[in-house]
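Structural overview for review
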Amino acid sequence: MANSNLPRRIIKETQRLLSEPAPGISASPSEENMRYFNVMILGPSQSPYEGGVFKLELFLPEEYPMAAPKLGRICLDILKDKWSPALQIRTVLLSIQALLSAPNPDDPLSENIAKHWKANETEAVETAKEWTHLYASGE
Amino acid sequence: MDSEDNMDDFSYEYEYEYDDDDDDDDGNGVYNEDSNETTTIHRKKYIVLNKDDIQQRQEDDITKISSLLSITRVSATILLLHYKWSVNKLQDDWFADEEKVRTAAGLFEKPIVHYQSSNKVTCAICFEEYTRSRMPAAGCGHLFCVSCWNSYISTSIKDGSGCLMLRCPDPPCGATVGEDMINRLVSEDGKEKYSRYFIGSYVEGNQTMKWCPGAGCGYAVELAVDTESYDVSCNCTFSFCWNCTEDAHRPVDCSTVSKWTLKNKDESENVNWILANSKACPKCKRPIQKNQGCSHMTCRYPCKFQFCWLCLSDWSNHPTCNRYDGTGKNKEIERKRKMAKKLLDRYSHYYERWAANHSSRKKAIVDLNIMQTEHMENLSNKQCTPETQLTFITDAWLQIIECRRVLKWTYAYGYYLPEDEDVKRQLFEFLQGQAESGLERLHECAEKDLQVYLNAEHIKGFDAFRIKLAGLTRVTKDYFENLVQALENGLSDVDTDRWWSCTHCTYFNQMSAADCKMCILPRIIPQ
Ligand SMILES: [Zn+2]
Ligand SMILES: [Zn+2]
Ligand SMILES: [Zn+2]
Ligand SMILES: [Zn+2]
Ligand SMILES: [Zn+2]
Ligand SMILES: [Zn+2]
Ligand SMILES: [Zn+2]
């Protein structure tokens with residue numbers, strides 16, 4: 001099984017993520033594939049995403065940590081050219097949390113949100129709040 | 001008319017030297033700029049550099065910077081890579097603000113991290129513990145294990161030339177990983193790749209240097225600063241324009257080449273226009289272009305369907321066709337179609353000849369190769385002549401290859417020559433025609449006349465053949481050099497007073513020649 005030859009680093013990172021989770025962030029490996037994580041990040045308070053929970057899927061490629069974790073369509077410099085093997089899953093998730101509290105229209109978390117954001121900031125805040133309500137509140 | 005004088009000027013000598021010794025390092029780039037008449041100016045236009053030459057220059061720069069700034073060679077290398085090998089800019093900046101240069105280049109004066117006295121340190125990448133003394137660090141002092149360093153550097157080398165400015169894995173640190181670390185921590189394979197990027201950085205950082213675009217060629221070509229000509233010939237035998245890196249294209253300039261290349265690509269669209277304006281046979285659907293006046297069309301064999309060009313209906317039950325479509329509109333379409341056809345015909349004329357010389361040149365390159373690898377030895381045996389005395393054959397082929405190239409580009413030149421400049425055009429076509437027939441003569445002699453001597457032993461006349469081929473090579477060379485110059489000058493200084501056409505063979509001679517260079521018969525001036 002793929003999990004049997006998991007590098008020590010991934011095992012240690014996983015243990016720490018489970019035993020000392022960062023506030024507002026939960027990340028748990030899937031049972032079938034230990035390189036596959038289900039992530040939930042609480043919308044930071046006083047942000048347009050407050051009250052929502054963001055669900056993400058994170059995957060550690062074969063080359064990890066020499067290559068960055070894969071995180072769907074999320075735009076983060078540390079997931080691209082700024083990645084360093086000295087960074088960790090925890091660092092990545094904290095960066096996303098920070099991005100949610102201060103969305104940067106030039107570094108779009110989601111293309112769609114960013115488009116709205118640039119066009120009309122107040123309207124975008126409303127949209128984001130709505131979306132949080134619609135899609136991100138717990139099932 | 002002093003014809004003796006002229007015979008000296010042009011005697012058929014087969015030992016005239018070809019100024020082209022390739023092996024000599026510094027002699028490379030000595031180019032016979034102007035072999036016109038009596039003045040022969042040797043001017044260095046460019047230098048071909050191999051890997052070792054470039055490495056030597058890098059070594060020299062590193063030594064210079066290291067002693068000037070009193071820093072290690074590794075540090076000097078980091079700075080030079082950051083400054084793209086601009087020694088002067090680096091020096092200026094360094095003495096203006098050393099701290100700023102150090103920060104920008106990631107060159108630390110001393111480590112910024114110090115670990116607790118404990119003997120064991122956890123590697124921040126693999127989370128394993130190691131003995132401290134066995135963990136390398138860049139100038140910053142951030143320790144990682146050997147295996148993680150190896151993966152880190154190797155991954156970066158695989159990603160491209162960015163590895164030359166690789167920084168410490170600790171994210172905000174920014175210390176540059178020096179060449180010493182690469183040599184210590186990476187496999188031979190990785191080192192080799194790194195070294196290629198390293199050498200490349202010197203060529204790419206240098207404004208006067210470019211890689212030869214020849215397939216698989218590892219030479220770089222450095223252009224002399226004051227040269228106006230960009231055609232260079234690499235040691236790999238590939239000739240190219242240093243400026244636009246297309247195949248060498250004297251006598252036309254770079255912008256003409258790019259226009260022409262674009263045109264050749266676009267022309268497929270023009271062909272499309274014709275297609276769009278031809279019609280498909282209503283029965284068999286093959287495209288039909290109207291090439292006769294009347295509208296009664298008959299499709300090609302085997303279809304032979306007869307139809308009306310205008311409405312595409314069967315001709316037999318079709319007495320007239322002008323019911324509602326005003327004929328004026330049809331005339332306009334017809335006029336446009338004719339115009340497009342005419343333009344296309346003109347273009348095709350030049351393109352076909354351009355392409356023919358292009359492929360003829362390619363064939364000549366292949367032929368030269370076959371000659372050298374297969375026939376030379378055989379010919380030497382058959383004609384009892386040492387191979388060293390057969391170089392006139394190689395010279396002839398090299399000349400053919402060069403002339404095909406020039407002739408090819410004269411067709412792009414002709415295409416863009418303004419149509420209303422009648423005198424120029426006439427002169428151009430005359431010069432081009434002469435060049436072409438001269439080259440055909442040479443090409444035929446090298447190709448066909450030689451066959452006899454390849455097939456039979458000890459035939460008489462080999463010496464005569466030698467004289468003929470060497471002579472043709474030389475005349476053709478002279479002619480093409482003059483042609484290139486004349487065209488590059490926009491035909492401005494070519495007035496007919498400077499040329500005369502031989503009444504015996506029509507060859508176009510310079511006014512200074514009393515006898516025809518092609519047939520050696522004296523000039524006859526019509527009374
Ligand atoms: Zn560091
Ligand atoms: Zn390690
Ligand atoms: Zn080359
Ligand atoms: Zn060019
Ligand atoms: Zn047909
Ligand atoms: Zn009709
Ligand atoms: Zn003649």
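Residues numbered from 1 in each chain as written. Chains lettered and ligands numbered in written order. Predicted model: local features only at pLDDT ≥ 70, side-chain atom pairs only at ≥ 80, totals over all residues. Heavy atoms only, no water.

Glancing now at the sheet that holds strand β2 (residues 36–42) of chain A. Residue and element names in this part refer to chain A. Strand order in the open sheet made by the three strands is β1-β2-β3, with antiparallel pairing throughout. If you trace the sheet from one side to the other, it starts and ends with β1 (25–29) and β3 (53–59), each paired once. Averaged over all pairs of adjacent strands, the angle between strand axes in this sheet comes to 20°, irrespective of strand direction. Relative to β3, β2 runs antiparallel, the two being bridged by seven bridges. The partner of L42 across the bridge, within β3, is V53. (Pairing = 2+ DSSP bridges. Helix = DSSP H or I, 4+ residues; strand = E, 2+ residues; numbered from the N terminus. Axes fitted to C-alpha atoms, helices over the stretch in contact; angles between N-to-C directions.)

The next point concerns the coordination of the zinc ion (ligand 1). All names here are of chain B. Distances from the zinc ion (ligand 1) to its protein donors, namely C140 (SG), H142 (ND1), C168 (SG) and C173 (SG), fall within the range 2.0 to 2.3 Å. With four donor atoms in place around the zinc ion (ligand 1) and angles of 103 to 115° between them, the coordination shape is tetrahedral. Mapped onto the sequence, the residues coordinating the zinc ion (ligand 1) show the spacing C-x1-H-x25-C-x4-C. One end of the pair, H142, is in the loop between β5 (129–131) and α6 (146–159); the other, C173, is in the loop between α6 and α7 (179–185), with 31 residues separating them in the sequence. (Donors = N, O, S within 2.8 Å, 3.2 Å for Na, K, Ca; no water. Tetrahedral: all angles 85-135°; square planar, octahedral: opposite > 155°, others 65-115°.)

We now examine the interface of chain A and chain B. Listed as interface residues are 12 residues of chain A and, on the opposing side, 13 residues of chain B. Buried surface at the junction of chain A and chain B, both sides included, amounts to about 980 Å², of which 69% is carbon and sulfur. Linking chain A with chain B are one salt bridge, by the criterion used here. Residue composition of the side of chain A that touches chain B, by class: five nonpolar, two polar and five charged. (Contact = heavy atoms within 4.5 Å. Buried area = accessible area lost by both parts, 1.4 Å probe. Salt bridge = Lys/Arg side-chain N within 4 Å of Asp/Glu carboxyl O. Nonpolar A, V, L, I, M, F, W, Y, C, P; charged D, E, K, R; others polar.)

As a further point, take the environment of E128(B). When you line up the elements, E128(B) lands in the loop between β4 (120–122) and β5. The exposure class of E128(B) is partly exposed, given its relative accessible area of 27%. Note: C-alpha distance between E128(B) and F144(B) (16 residues apart in sequence) is 9.8 Å. Beyond its immediate sequence surroundings of up to four residues, E128(B) is in contact with R8(A), V121(B), T122(B) and C123(B). (Buried < 20%, exposed > 50% of the residue type's maximum accessible area, 1.4 Å probe, protein only.)

A few words on the nonpolar core. The nonpolar side chains of a soluble globular protein tend to be buried, and buried together. I393(B), L469(B) and F480(B) are the most contacted members of the largest nonpolar core, which has 55 residues in total. Secondary structure elements with two or more residues in this core: α9 (254–277), α10 (327–382), α11 (391–416), α12 (422–455) and α13 (462–488) of chain B. For this core, the element with the most residues is α11(B), which contributes 14 residues. Discounting chain neighbours no more than four positions away, the residues touching L469(B) are F392(B), I393(B), A396(B), L442(B), C445(B) and A446(B). In terms of nonpolar packing, the next biggest core, distinct from the first, is built from 54 residues, A86(A), L90(B), V101(B) and F198(B) among them. (Core = buried A, V, L, I, M, F, W, Y, C linked by side-chain atoms within 4.5 Å.)

A word on the packing of helix α3 (residues 73–82) of chain B against helix α5 (residues 98–105) of chain B. All names here are of chain B. Across the interface, α3 lies against α5 with an axial gap of 10 Å and an inter-helix angle of 80°. On the basis of their axis angle, the class for α3 and α5 is roughly perpendicular. Across the interface between the two elements, I78, L79 and H82 from α3 touch V101, A104 and A105 from α5. Partitioned by chemical class, the residues of the contact of α3 with α5 number five nonpolar, one polar and no charged. (Parallel < 35°, antiparallel > 145°, perpendicular 65-115°, else oblique.)

Residue and element names in this part refer to chain B. Ordered in space as β3-β7-β6, the three strands form an open sheet in which the pairing is antiparallel. A strand with exactly one partner marks an edge of an open sheet, and here the two such strands are β3 (46–49) and β6 (209–211). Neighbour to neighbour, the strand axes of the sheet diverge by 25° on average, direction disregarded. Here three bridges tie β6 to strand β7 (residues 220–223), and the two strands are oriented antiparallel to one another. What sits directly across from W211, in β7, is A220. Of the strands in this sheet, β3, β6 and β7 touch helix α2 (residues 51–68), which is tilted by about 100° from β3. Those strands touched by helix α8 (residues 188–205) are β6 and β7, and its axis lies near 130° from that of β6.

Residues and elements named next belong to chain B. On average, residues of chain B carry a pLDDT of 82, and 81% of them reach 70 or more. Across residues 1–42 the pLDDT falls below 50, and counting only partners more than four positions away or on other chains, this stretch makes 73 contacts in the model. Interface confidence for the predicted complex, expressed as ipTM, amounts to 0.77; the pTM equals 0.66. (pLDDT = per-residue confidence, 0-100.)

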